[in-house]
Amino acid sequence: MIRIVLVGAAGRMGRAIDAATFGVSDVGIVARVDVRESFPATGGAWTDDAGSVIQAGTVVVEFSTPAGAVAAAALCAARGVPLVSGSTGLAAAQEDAVRA
């Protein structure tokens, strides 16, 4: 099973990815990361601390903000976890940090 940590889970793309995994037996959202103010009233494992859920054996799918992309990339690099980033609007320095 592909275990996904979804960063930016409360946003439009995060919700779409979450919905797309519903009922798929070999893919699952193991944690949803977003700012606490965006947590829904119900459903799933939510946190505002990506560092507490990004670990070996997971894949991070990130659709958040430029700063969120940089932070997620740094955590993934430090922990050897794959990252798929879809955030837009990154400045050149932020793009370089994500690629590093």
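Above: the structure in question.
First, a word on scope: everything that follows refers to the structure included in this document. (Residues numbered from 1 in each chain as written. Predicted model: local features only at pLDDT ≥ 70, side-chain atom pairs only at ≥ 80, totals over all residues. Heavy atoms only, no water.)

### With respect to the overall build of the protein chain
Thinking step 1. For the protein chain, the count of helices and strands is 3 helices and 5 strands.
Thinking step 2. A compact globule built from 100 residues would reach a C-alpha radius of gyration of about 13 Å, and the protein chain, at 13 Å, matches this within 12%.
Thinking step 3. The 100 residues of the protein chain split such that 33% are buried.
Thinking step 4. Of the contacts made within the protein chain by residues no fewer than 6 positions apart, 54% connect residues no fewer than 24 positions apart. (Helix = DSSP H or I, 4+ residues; strand = E, 2+ residues; numbered from the N terminus. Rg over C-alpha atoms; globule rule 2.2 N^0.38 Å. Buried < 20%, exposed > 50% of the residue type's maximum accessible area, 1.4 Å probe, protein only. Contact = heavy atoms within 4.5 Å.)

### Considerations on the nonpolar core
Buried together is how nonpolar side chains tend to be arranged in soluble globular proteins.
Thinking step 1. Grouped together as the largest cluster of nonpolar side chains are 10 residues: V5, V7, A31, V33, A50, V53, I54, V60, C76 and V81.
Thinking step 2. Of all the elements in the fold, those that place two or more residues in this core are strand 1 (2-7) and strand 2 (27-33).
Thinking step 3. Among residues more than four places away in sequence, those in contact with A50 are V33 and L75.
Thinking step 4. Within the second largest apolar cluster, 7 residues are counted, among which are A9, I17, V27 and V61. (Core = buried A, V, L, I, M, F, W, Y, C linked by side-chain atoms within 4.5 Å.)

### Points about the pairing of strand 1
Thinking step 1. The pairing of strand 1 with strand 2 spans 6 bridges and is classified as parallel. Each residue of the ladder has a partner; that of V5, found in strand 2, is A31. (Pairing = 2+ DSSP bridges.)

### Remarks on helix 1 (residues 12-21)
Residues lying three or four places apart along an α-helix face the same way, a consequence of the helix completing one turn every 3.6 residues.
Thinking step 1. Those residues of helix 1 lying buried are G14, I17 and T21. The arc that holds the buried residues of helix 1, viewed along the axis, is 65°, so those residues lie on one side. In helix 1, the exposed positions angled more than 90 degrees off the buried face are occupied by R12, A19 and A20.
Thinking step 2. On its buried side, helix 1 packs onto strand 1, strand 2 and strand 4 (58-62).
Thinking step 3. Two residues or fewer past helix 1, G23 is found with a positive phi of approximately 80°. (Arc of directions from axis to C-beta.)

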